[in-house]
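Summary of the model geometry
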Amino acid sequence: MPIRKVWRESRWRFFFILAALLVVVSASVFYNAKAEKVVIESKDFHEAGMRTIRGALFLFWGFSAMFLGLGGFLRERAVGTVDYTLSLPVSRTRWFLYRSLIGALQSMAAALIPALAIPVIAAVSGGDYPIGDAFLMGLRLGFGGMLFYSVGLLASTLFAGDYASAGIGIAVVFAINNSTRVIESLKRFNLQDAITPMQVIDESTFLIHGQMPWNGIACSFVLSLVLSVWAWKVTAARDF
Amino acid sequence: MKAVVETRDLTKRFGNNYALSGLTMTVPRGHIVGFLGRNGSGKTTTIKILLDVIRRTSGEATILGEPAGSVATRRRIGFLGEDKRLYSYMTVQEIIAFTRPFFPTWRAETESRLLADFELPLSRKVSALSKGMRTKLGLLLNLSRHPELLILDEPSEGLDPVMTEQMLQNLVQQAADGTTIFFSSHQVAEVEQIADHVIAIEKGRVILEGSLDYLRQKFQRINLVFDDPPPPEAFKGAGVDRVIVRGRTISILASSNVDDITALGPILAAKSVDVQSVGLKELFLEKVKGDDANS
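Since the model is a prediction, treat every value here as computed from it, not as a measurement.

Looking now at the overall build of chain A. Tallying secondary structure elements over chain A gives ten helices and zero strands in all. Going from N to C terminus, chain A has its helices and strands arranged as α-α-α-α-α-α-α-α-α-α. Relative to a compact globule of 240 residues, whose C-alpha radius of gyration would be 18 Å, chain A shows 19 Å and is just as compact. Across the 240 residues in chain A, those meeting the buried criterion constitute 41%. Within chain A, contacts between residues separated by at least 24 positions form 78% of all contacts whose residues are at least 6 apart in sequence.

All names here are of chain A. Taken N-terminus to C-terminus, the directions of helix H1 (residues 2–32) and helix H5 (residues 92–124) make an angle of 25°; their axes are 9 Å apart at the nearest point. What the angle tells us is that H1 and H5 run roughly parallel. Between H1 and H5 lies a crossing whose hand is right-handed. Classifying every residue of the contact of H1 with H5 by side-chain character gives 20 nonpolar, four polar and two charged.

Residues and elements named next belong to chain B. Pairing between strand S11 (residues 220–225) and strand S13 (residues 249–254): six bridges, direction antiparallel. Paired with glutamine 220 across the two strands is alanine 254, which belongs to S13. Across six bridges, the pairing between S11 and strand S14 (residues 272–277) is antiparallel. Directly across from arginine 221, in S14, lies its bridge partner glutamine 276.

Time to look at unusual backbone geometry. All names here are of chain B. In this structure, leucine 64 is a non-glycine residue whose phi angle is positive, near 50°. Locating leucine 64 in the fold gives a position in the loop between strand S4 (58–63) and strand S5 (66–67). On the neighbour-count criterion, leucine 64 (21 C-beta atoms within 10 Å) is buried.

We now examine the environment of Met167(B). Locating Met167(B) in the fold gives a position in helix H6 (residues 161–176). Contacts of Met167(B), omitting those with residues within four sequence positions, involve Thr135(B), Leu139(B), Pro155(B), Ser156(B) and Leu159(B).

Here we come to the sheet that holds S4(B). All names here are of chain B. Across the sheet, which stays open at both edges, the four strands sit in the order S2-S1-S4-S5 with antiparallel pairing between neighbours. Where the open sheet ends on each side, the last strands, each with one partner, are strand S2 (17–28) and S5. One ladder, built from nine bridges, connects strand S1 (residues 3–14) with S2; its direction is antiparallel. In the strand pairing of S2, valine 5 is matched with valine 27.

As a further point, take the environment of Ala19(A). All names here are of chain A. If you trace the backbone, alanine 19 turns up in helix H1. Judged by the 11 C-beta atoms lying within 10 Å of it, alanine 19 falls in the exposed class. The spacing of alanine 19 and phenylalanine 143 is 124 residues in sequence and 21 Å in space, taken between C-alpha atoms.

Turning our attention to the confidence of the model for chain B. Of all residues in chain B, 98% have pLDDT values of 70 or greater, and the mean over the chain is 92. For this predicted complex, the interface score ipTM comes out at 0.85, while the overall pTM is 0.86.

Glancing now at the sheet that holds strand S3 (residues 32–37) of chain B. Strand pairing in a sheet is mediated by backbone hydrogen bonds. Such pairs are either parallel or antiparallel. Residues and elements named next belong to chain B. Read from one edge of the open sheet, six strands run S6-S7-S8-S3-S9-S10, paired in mixed fashion. Strands with a single pairing partner mark the edges of an open sheet, and in this sheet they are strand S6 (77–80) and strand S10 (205–211). In this sheet, neighbouring strand axes are inclined to one another by 15° on average, regardless of whether the strands run parallel or antiparallel. By the bridge criterion, four bridges tie S6 to strand S7 (residues 149–153) in an arrangement that is parallel. From the neighbouring strand, glycine 78 faces S7, where its bridge partner is leucine 150. Here H6 sits on the sheet and contacts S3, S7 and strand S8 (180–185); the angle it forms with S8, its principal contact strand, is near 150°.

All names here are of chain B. Every buried residue belonging to helix H3 (residues 92–99) is among Val92, Ile95, Ile96 and Thr99, and all of these are buried. Considered in projection along H3, the buried side chains sweep an arc of 100° and stay on one side of the axis. Buried-residue contacts for H3 involve helix H4 (108–118) and helix H5 (131–143).

On to the nonpolar core. Leu50(B), Ile151(B), Phe182(B) and Val198(B) are the most contacted members of the largest nonpolar core, which totals 78 residues. If sequence neighbours within four positions are ignored, Ile151(B) has contacts with Ile47(B), Leu50(B), Ile77(B), Gly78(B), Phe79(B) and Phe182(B). Core analysis: the next-biggest nonpolar cluster, separate from the first, contains 48 residues, Met66(A), Phe143(A), Ile217(A) and Ala231(A) among them.

Another point: the interface of chain B and chain A. Tallying the contact residues gives 18 residues for chain B and 19 residues for chain A. When grouped by side-chain class, the residues that make up the side of chain B that touches chain A number eleven nonpolar, one polar and six charged.

So, on to the packing of H5(A) against helix H6 (residues 131–144) of chain A. For any two helices packed against each other, one specifies the inter-axial angle together with the distance between the axes. Residue and element names in this part refer to chain A. Packing of H5 against H6 brings their axes to within 8 Å, and their N-to-C directions diverge by 160°. On the basis of the axis angle, H5 is roughly antiparallel to H6. As H5 runs across H6, the sense of the crossing is right-handed. In contact with Ser107, Met108, Ala111, Leu112, Ala115, Leu116, Ile118 and Pro119 of H5, H6 contributes Ile131, Ala134, Phe135, Met137, Gly138, Leu139, Leu141 and Gly142.

Rules of the game
Residues numbered from 1 in each chain as written. Chains lettered and ligands numbered in written order. Predicted model: local features only at pLDDT ≥ 70, side-chain atom pairs only at ≥ 80, totals over all residues. Helix = DSSP H or I, 4+ residues; strand = E, 2+ residues; numbered from the N terminus. Rg over C-alpha atoms; globule rule 2.2 N^0.38 Å. Buried ≥ 20, exposed ≤ 12 C-beta atoms within 10 Å, placed from the backbone. Contact = placed C-beta atoms within 7 Å. Axes fitted to C-alpha atoms, helices over the stretch in contact; angles between N-to-C directions. Parallel < 35°, antiparallel > 145°, perpendicular 65-115°, else oblique. Left-handed = near helix turned anticlockwise from the far one by under 90°. Nonpolar A, V, L, I, M, F, W, Y, C, P; charged D, E, K, R; others polar. Pairing = 2+ DSSP bridges. pLDDT = per-residue confidence, 0-100. Arc of directions from axis to C-beta. Core = buried A, V, L, I, M, F, W, Y, C linked by C-beta atoms within 7 Å.

Okay, structure coming up:
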C-alpha cells in the first residue's frame, strides 16, 4: 500500500525524466555519430555511444537523479496531506525507506534504460554498439551517480519548498561536477572519470577492454548511503 | 475512568515560543470530548503531538495506553484534519481502496452505508471535491475503520451549517457505537451541542477540564448589588475564581463555597444577592480572561 502511494506520486516525474533522457541520448548519439553522413560506419556508433554515456547521459542523468530524490513529507506538508499520511499506521522510517528505495530504483532505471537504448538506436540505424558495454556503463552510472540522487533526497528533507530544495540540489550537483573537473587536487574524485574510466576504454574502438575499476564507484555509493542515512535521521526527528 | 489519551507536563517549544506549557489532561474513554481553545491556544499542536506529526519538547503523551505515535496505536485511531486534505491524484474509490487495508477493523457495511448517505462519486478525483465533500470522504475513511478513538481538528471549519450538522450527527452516532470522540474547536456552541466532556486550553495550558454536568454544577455566578460596593479584595477567598466590579454590582465567579460567598452579601450590606448557573461559553470566556489577567 505505501509502495503504491509512493509510486503513484513519483511515476509521472519518472516517465517524463526517462522520456527526456531518451531524447537527449538519441540526439547525442546521432550528433556524435555525425548523423548528417548518409553512411555511418559501425565504429562511429562505438565512439558516439561512449561519448554519449560519458557526456550527455552523465550530465543530464545527474540532474535528473537529483530531481528523482525530491519529494517526501515536506512536500506533503506543502500540499496539506502530511497529517493524513502520518496518521496512517506506517512508521516514518518505513515511508522513508519506500520513498528512497523506489526513487533509487527509478534513478537506476533512468541510467540503464537510456544506456541500453544506445545499442537499439545503433541497430535501427544499421550500426552496432555492444549491449554488454551499454549495460555495464549504465550500471556504473546508476551506482556511482547515486550520489546525485541522495543529494536530492537530503535537500528535500532539509529545505521546505520545491524550488528551494531543487535549486540547492542543482547547485550541489553542479558544484560536485565542476569542482572535481577544474580543481587539480579534487580531480581524482571526479565521478565522470570514475564511471567511465578512459584508461580501460580502447582509444581506437571506444569499447571496454580490461578490468573496470570499482573503487571510485564504491566510494561514491557509500557516500550516497551516508547522505541517505542523514536524510533519514532528519526525517525521523523533524516536525511536520 | 479509563483514559484513551493522557498527557502530563507536555511542552512544545518553537524557537523561543512555547506552544504548550506543561499541558496535563485526560480524555476519558467512551465520551465525546470537546477540546476548546482560542486560535493559537495549542489545540492543533497537541493533536499533532498525539499523532506524532510533530515531536514534543518534554513531558509525556499516551494514546490507548501506548506512547503517542506508536504504529500499533495508529491502527486503532482515526484522524480528520482541519483542511481535510487528501491525496488529490486519487479518485474517491482509489483512496478508499488505499486506506482500507491499513485497518483490520474496517467495516465494509459502514463504508457502503456512508457512500450511499454521502452520495460520494466514486470515480471523481479528490482534487475535484468541494471541502464539504472532502469532509464526507474523510469521515467515511475514519468511521469505516471503526476506531477506538477518533481525533478531529476543527472539523466544522469552512463547512456550511447543514454540513456541520450532518457531521456532528455522524460523530454522535459513532460515539454511540463505542468510539471515543476527541475534537478540537473554538466554537463553544458546537462543543455544547455534542460533547459531554470538555477540556479547554489557553496558552498551552489546561484552564478547564471535566464533564459538562460537573462544570455546570461546580461553577456559579453570584451577583451582589450594593449602594456603596466594598473593594473586590473583600471577596478574595476559597472558591472565588474571579471578581468583577460593574458600577454598583460585584459579580463573582465561584467554583466552590458558594454558600459562604453568598453569606458575605448581608454582612457587607448588599442590597440583593443573586446566584446563577454559568453556561460553557461564559465559563470559557471568564477562564480565558482570568488567564490573560494572570499572565
